[in-house]
Amino acid sequence: MAEQPKKTFLQRMSYTVVNTLETFFYRYGKAVATQPIRYIVGCLLFTALCCLGFLNFRVEHRPERLWIPQESDYVKTLDWQAENFPQEQRLQLILYEADNVLTADYVREMYRVHQQVSNLVMTNKLGQNFTQEDLCFRVPALGGEQRADLLRIKMHLFPDKELSEEVDWSLAIDKSVYYHFYSRIPTACLELSILEMWGYDSGSFDALTDQDVVNAINTVNMTVTYSYPMNFTEFLGGVTRNSTGHVTGARSAFAQLVMRINREMIDLNAITNSAGLSEEVDPDLFQWEGEFIRALLNTQGRPQGLGVFFQSQRSFSEISGNTVLGDVSLLVLGNVVLFIYVQLMLGKFNMVENRPVLSLLGLLATFMSVGVTFGLCSAVGLIYGPVHTILPLLMLGLGVDDMFIIVQCWHNLNQQERRLQLQKRVGRALRHAGVAITVTSITDFAAFIIGATTVLPALRSFCIYSAIGILTLYIFQATFFVAWFTLDQTRLEDKRNGLIWCYKHKNWTPNQCSQYEICQTFFDKIYSKVLLMKPVKVLVVAMTALLFGASLWGVSNLRQEFNPVWFIPQSSYLFQFLSRLLNYYPQAGVRGSVYFGALNYSQELPKICQLTAALRENEYISSVDSWYDLMVDYTKLDTGEDIDGKVLNETFFREALSAFLFSPVGSRYQTYFHFDGNLTVAQPTPMLMASKFDYSHRSLHGRDEQITAMDQVKALVQDAGLSDFAAASAMLYSSWETDKVIMEELVRNLILAMVAVFIMTLILIAHVVTSCYVLCSVVLTLMNVMALMTWWNLTIDIITCINMVLCIGLCVDYSAHIALHFMQVKGSRNERVKQAVRDMGPPVINGAFSTFLAFIFLANSDSHVFLSFFKIFFGVFVFGVFHGLVFLPVLLSLIGPAPYQTNLHLIQEGDDEDCPKIQGNLTQRVMEADEQADEQAYIQVPTD
């Protein structure tokens, strides 16, 4: 025997890994085939046990728990606010849209909607009726008869003042008289809209003309109900003005209803929304919000040309709950099409060799893995968010790939192996297939485990779900599917019907047409020959270079932008409302608040003064609405004391703050404070536990400017040197916090995932140059997909981060099998490429196409999650197959390395005729020992 060439370290490592896996899978496959029923029952019991975790299944819809690092300032501020500054209000928002909403008919419709909501009557569990009047947030109302009385008193006390001139009654009359009057002021529901210009008087709306509406919006500056100064143009969007600056029309009008949470009635165990989460809302208000939604969805009687869009605080959780499983119809349709495809590929076109039952059971294994994944992850409390709805489709695509590999390896058994016992044949088939599905599964598993190290909760949870799902799917396909395959093969060899197993065909022989392999013939006789023509090679290299250049331009223009609103289905009323809100009122969400904890307020007022001044001077802040500034002005008028920037006596501070909060100018700030006790008129305030003031950003453009503005505001608050909690927060900071870290997370995850994939392919292929070629194909595919994102108006966000990590795991499969087979066969480069494409082309294209089929119907979805997955997986399918089956074979035919110089390829090929020649073939010796031990129990079975 000739001396064998010395193997390299990589070859020895690959030899050890592959032989260990082959030995294990041979024994495992034979064990499963020996007692298939036991393994099937075991898988079913394990699935049922894991599904008990669904008892703890919860859907998370809160953006701060999904898309933002939990150690961020934004999340810490929200947690502090929930504990120290509990929410007492819930907003209901209505937006009216038309070519011009400032017409009498449209204003009358706004009033009709107001009346419709006001007249909603519900009954609670105690049998008590309640309406909006019983649940709303109430404020002092100086309109109506009270306003007329005030005007008469004003004429008597101040004959030299105009009636429209504002008067601070707390300063104009004796304090004791004012406080007595204040305690008797009636209250009204706080509802802000342009209807306040007429005070919700039905008679005023009946006689209204279009000119009256335009005149009112340009002249009225005081609310009728509350007697507050107000600029009503702030409630308009898409405003048009004439040459003098007067408003002549508007595309939208905005209304805000403020409801009060009865915190004494909150029961977190009783109030759970449809998404499975508890909400801090009392049962009556939660019920009223449901009726509010139903009333606004009713479009009957609405004038043509006017659109009514709305949002209730309950809307987020309700829509999240309704979309937990995503587009079920798309899932069902995708499953049907995929089942048909799997049946066509696994079986043959005759009554015995078709495998419909096996195809269905193979898909069942996929859904079992989904059940196990969801059950286990729910049991340990992992969050489930909108992005998780794609997991069943992902598992389906990957599960079908494993089925194809197992069945293909069964068909690849040589004539000697086909004469063995069925159990040994299954062991031999799984010996080959097990290595392939192990490499694929471990590669994807490693990519997702790396993704699970991210600081973004939704991405981390999805990666953990996916990693567990891939591992479970890997086990079930090697066990549950193989067990059913054994039973189905027994049925086939007994010539029983493929659908009705109890029916046996007598004197059956397969028709010749059903034995024809169209796919493999195409790759052998047509595709490989055309691909290896010199003009075609030149064309492929030129196309690849052209794609690379175009992709560089596309990637350079790829934007980074994240908006949680995208995760709301575009057909929902909430998405339609939010998209219009951002269009007509782009600055509505860029308003923030600075929160203070239990400071020593009387001593730290100068620091608050300096902070407000610093915020006003900041280039990214447009306005600051601080109670401190107004309190300084009011106290100077009330007591003559100038407290601006001064330390105060504690008693004086509490008395001054109380006087300010019960004054006309300061009463609206009462909700900006949280006291250790009740705020009482004419009494010093209780101990102040928390407070806040508001600010607004100017118009900000782009990620960099937004993040800079947010960081500067946070730095100003931190540098104020306050003794207790102090933080700034705004609604859109949630998106900006994600934008701040998502690029870093994406780059880190991609680099680590590619390193893991390269290591796995290096162990499998055992050749550095060839592994680099595979990595090159993966990188090119990634670049093409990212460029496609630019052209398809996708941005870098949570979904694309997940897709990019998954893209690496999928597209490496398209290239690795071709590269490995190229290294294992002998001959010229062209001959080796032809053989690799002929043998590996069919399973690669079947696996890729089946994965694509699982996602193809997502093109009709209105979900950002599903649409993003479809667009990116379309790119993965097209570019991954191109680089795996077109570019890589051409590259190998031009500059491919020489084949293995040892018999390592024979070991991996599993050629039994050559195995005795290979010294130390552990797999072969194990199989021979097992077969000798089973010789006495040998039962000859027919071959297929």
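The rules behind these values
Numbers given to residues run from 1 along each chain, matching the order in which its sequence is written. Given that this is a predicted model, residues contribute local features only at a pLDDT of at least 70 and side-chain atom pairs are listed and counted only at 80 or more, while totals for whole chains, interfaces and linings are drawn from all residues. Neither water nor hydrogens contribute to the side-chain values; these are computed over all heavy atoms in the structure. A run of H or I in DSSP becomes a helix once it reaches four residues, and a run of E becomes a strand once it reaches two; helices and strands are each numbered from the N terminus. Per-residue accessibility, obtained with a 1.4 Å probe over protein chains only, is compared with the maximum for each type, and a residue is labelled buried under 20%, exposed over 50%, and partly exposed between these values. Whether two residues touch is decided by their heavy atoms; if any such pair falls within 4.5 Å, the residues are in contact. To pair, rings of Phe, Tyr and Trp, with the six-membered ring standing in for Trp, must have centres within 6.5 Å; the planes then decide the type, stacked if under 30 degrees apart, edge-to-face if over 60, and tilted in the middle. Throughout this description, the term charge over a ring refers to an Arg CZ or Lys NZ atom that lies within 6 Å of the ring centre and within 35 degrees of the ring normal. Axis definition: a line fit to C-alpha positions, over the contact stretch in the case of helices; interaxial angles, taken between N-to-C directions, run 0 to 180 degrees. An angle below 35 degrees is treated as roughly parallel, one above 145 as roughly antiparallel, one from 65 to 115 as roughly perpendicular, and anything else as oblique. Two helices cross in a left-handed way if the nearer one is turned anticlockwise from the farther one by less than a right angle. They cross in a right-handed way if the turn is clockwise. Ten residue types, Ala, Val, Leu, Ile, Met, Phe, Trp, Tyr, Cys and Pro, are classed as nonpolar, four, Asp, Glu, Lys and Arg, as charged, and the remainder, Gly among them, as polar. Here the nonpolar core consists of buried residues drawn from Ala, Val, Leu, Ile, Met, Phe, Trp, Tyr and Cys, with membership extended through side-chain atoms lying within 4.5 Å. In what follows, salt bridge is the name for a side-chain nitrogen of Lys or Arg lying within 4 Å of a carboxyl oxygen of Asp or Glu. When two cysteine sulfur atoms lie within 2.5 Å, the pair is treated as a disulfide. By definition, two strands form a pair when at least two bridges between them are found by DSSP. A score between 0 and 100, pLDDT records how confident the predictor is in each residue. By this rule the span expected of a helix is its residue count minus one, scaled by 1.5 Å.

Undergrad: What is the right way to read the overall build of the protein chain from this model?
TA: A tally of regular secondary structure across the protein chain gives 33 helices and 16 strands. Burial status across the protein chain gives 55% buried among its 944 residues.

Undergrad: What's the story with the side chain of His505 in this structure? I'm lost.
TA: Mapped onto the fold, His505 is located in the loop between helix H19 (457–493) and helix H20 (518–531). Apart from residues no more than four positions distant in its own chain, His505 is found in contact with Met351, Val352, Lys495, Arg496 and Asn497.

Undergrad: Looking at this structure, how should I read the packing of aromatic side chains?
TA: For any pair of aromatic rings, the description rests on two quantities: the centre-to-centre distance and the angle between the ring planes. Scanning all chains against the criterion turns up 49 aromatic pairs. Here the aromatic rings of Tyr733 and Trp736 are separated by 5.4 Å at their centres, their planes lie at 35°, and the arrangement is tilted. One end of the pair, Tyr733, and the other, Trp736, are both in helix H27 (residues 733–765), three residues apart, so they sit about a helical turn from each other. Here a set of aromatic residues connected by ring pairs shows up, and it is made of Tyr341, Phe404, Trp792, Phe849, Phe852, Phe870, Phe874 and Phe877. Sitting above the plane of the Phe309 ring, Arg580 keeps its charged end 3.9 Å from the centroid. We note Lys692 situated over the ring of Tyr672; from NZ or CZ to the ring centre the distance is 4.9 Å.

Undergrad: Honestly, the packing of helix H2 (residues 36–50) against H19 in this entry has me stumped. Any pointers?
TA: Packed helix pairs are characterised by how far apart their axes lie and by the angle those axes make with each other. One can describe the packing of H2 onto H19 by two numbers: an axis separation of 9 Å at closest approach and a directional angle of 140°. With respect to H19, the axis of H2 lies oblique. Note on packing geometry: the crossing formed by H2 with H19 is left-handed. Contacts between H2 and H19 involve Pro36, Ile37, Tyr39, Ile40, Cys43, Leu44, Phe46 and Thr47 from the former and Phe476, Thr479, Phe480, Ala483, Trp484 and Leu487 from the latter. The residue makeup of the contact of H2 with H19, split by class, is 12 nonpolar, two polar and no charged.

Undergrad: Looking at this structure, how should I read the nonpolar core?
TA: Across soluble globular proteins, nonpolar side chains show a tendency to be buried alongside one another. In terms of nonpolar packing, the biggest core is built from 146 residues, with Ile390, Leu394, Phe462, Met804, Phe855 and Phe869 touching the most fellow members. Look past the residues within four positions of Phe462 in its chain and what remains in contact with it is Val387, His388, Ile390, Leu391, Leu394, Phe448, Ile802 and Phe869.

Undergrad: Hey, could you run me through the pattern of salt bridges in this one?
TA: Side-chain pairs of opposite charge can arise whenever the charged atoms involved come near each other. Taken as a whole and judged by the stated rule, the model has 25 salt bridges. In this structure, Arg559 and Glu561 form a salt bridge, with 2.4 Å as the shortest nitrogen-oxygen distance. Classification of Glu561 by relative accessible area gives partly exposed; the value is 29%. Across the pair Glu745 and Arg748 runs a salt bridge, and its minimum N-O distance is 3.2 Å. Taken together, the positions of Glu745 and Arg748, both in helix H27 and three residues apart, correspond to about one turn of that helix. For Glu745, a relative accessible area of 7% corresponds to the buried category. Salt bridges sharing common partners tie together Asp73, Lys714 and Glu737.

Undergrad: For this particular structure, what's the right way to read unusual backbone geometry?
TA: Residues other than glycine predominantly adopt negative phi, and peptide bonds predominantly adopt the trans conformation. A positive phi angle is found at Ala682, which is not glycine, with a value near 70°. Phi is positive for Asn793, close to 60°, though the residue is something other than glycine. Summarising the element assignment, Asn793 is placed in the loop between helix H28 (768–791) and helix H29 (798–824). You can call Asn793 exposed: its relative accessible area is 66%.

Undergrad: Sorry, what's going on with the environment of Val865 here?
TA: Secondary-structure assignment places Val865 in helix H31 (residues 864–895). Val865 sits in the buried class, given a relative accessible area of 1%. Remark: the alpha-carbon pair of Val865 and Phe567, spanning 298 residues in sequence, is separated by 6.5 Å. Not counting residues within four places of it along the chain, the set of residues in contact with Val865 comprises Pro386, Val387, Thr389, Ile390, Phe567 and Ile799.

Undergrad: Could you clarify how one ought to interpret the packing of helix H30 (residues 829–855) against H31 in this entry?
TA: It is the contact of H30 with H31, at a shortest axis distance of 10 Å, that shows an interaxial angle of 175°. With respect to each other, H30 and H31 are oriented roughly antiparallel. Where H30 abuts H31, its residues Arg829, Asn830, Val833, Val837, Gly841, Val844, Ile845, Ala848, Phe849, Thr851, Phe852 and Phe855 lie against Phe869, Phe870, Phe873, Phe874, Phe877, Val881, Leu885, Pro889, Leu892, Ser893, Leu894 and Ile895. Per-class residue counts for the contact of H30 with H31 are 19 nonpolar, four polar and one charged.

Undergrad: Would you take a moment to explain the state of the cysteines for this structure?
TA: Note on terminology: disulfide describes a covalent bond linking the sulfur atoms of two cysteines. Evaluation of the coordinates by the stated rule reveals one disulfide. Disulfide partner of Cys136: Cys189, at an S-S distance of 1.9 Å. The S-S bond linking Cys136 to Cys189 shows a torsion near -70°; that makes this disulfide left-handed. Of this pair, Cys136 sits in the loop between helix H6 (132–135) and strand E4 (138–140) while Cys189 is found in strand E5 (residues 187–189), placing the two residues 53 residues apart along the sequence. Neither residue differs from the other here; Cys136 and Cys189 are each classed as buried. Lacking any disulfide linkage, Cys50 is separated from the closest cysteine sulfur, that of Cys51, by 7.1 Å. Not part of a disulfide, Cys811 finds its nearest cysteine sulfur in Cys807, a span of 4.3 Å.

Undergrad: Looking at this structure, how should I read the pairing of strand E12 (residues 591–596)?
TA: Looking along a regular strand, one sees the side chains alternate between the two faces of the sheet. Most of E12 is tucked away, with five of its six residues classed as buried. Pairing of E12 with strand E15 (residues 688–697), which is carried by six bridges, proceeds in the antiparallel orientation. When the bridges of E15 are listed, Val594 appears paired with Phe693. Inspection of the sheet shows E12 paired to strand E16 (residues 726–730) by five bridges, in the antiparallel sense. Note that in E16 the partner of Val594 across the bridge is Ala728.

Undergrad: Hey, could you run me through the confidence of the model for the protein chain in this one?
TA: Caution applies to low-pLDDT parts of the model: their predicted coordinates are not meant to be read in detail. In the predicted model, the protein chain carries a mean pLDDT of 83, and 88% of its residues have values of at least 70. Across the protein chain, the element-wise mean pLDDT spans from 40 in helix H32 (residues 904–909) up to 96 in H2. In the predicted structure, residues 902–920 sits below a pLDDT of 50 and forms 47 contacts with residues beyond four places in sequence or in another chain. A low-confidence stretch, residues 935–944 stays under pLDDT 50, and its non-local contacts, those more than four residues away or across chains, total 22 contacts.

Undergrad: It is not clear to me how helix H5 (residues 104–118) should be interpreted in this structure. Could you clarify?
TA: Along an α-helix, residues three or four positions apart point the same way, because every turn accommodates 3.6 residues. Across its 15 residues, H5 extends 21 Å between first and last C-alpha, which sits within 8% of the 21 Å expected from 1.5 Å per residue. Those residues of H5 that sit buried are Ala104, Tyr106, Val107, Glu109, Met110, Tyr111, Val113, His114 and Val117.

Undergrad: I keep staring at the environment of Leu422 and nothing clicks. Help me out?
TA: Structurally, Leu422 is set in helix H18 (residues 422–451). Note on Leu422: relative accessible area 8%, which makes it buried. Placed 71 residues apart in sequence, Leu422 and Glu493 show a C-alpha to C-alpha distance of 9.8 Å.

Undergrad: Before we go on, may I ask you to explain the environment of Val32 in this structure?
TA: If you trace the backbone, Val32 turns up in helix H1 (residues 9–34). Given a relative accessible area of 0%, Val32 falls into the buried group. Along the primary structure Val32 and Gly427 are separated by 395 residues, whereas in three dimensions their C-alpha atoms are 8.6 Å apart. Ignoring sequence-local partners within four residues, the contact set of Val32 consists of Tyr39, Ala478, Thr479, Val482 and Ala483.

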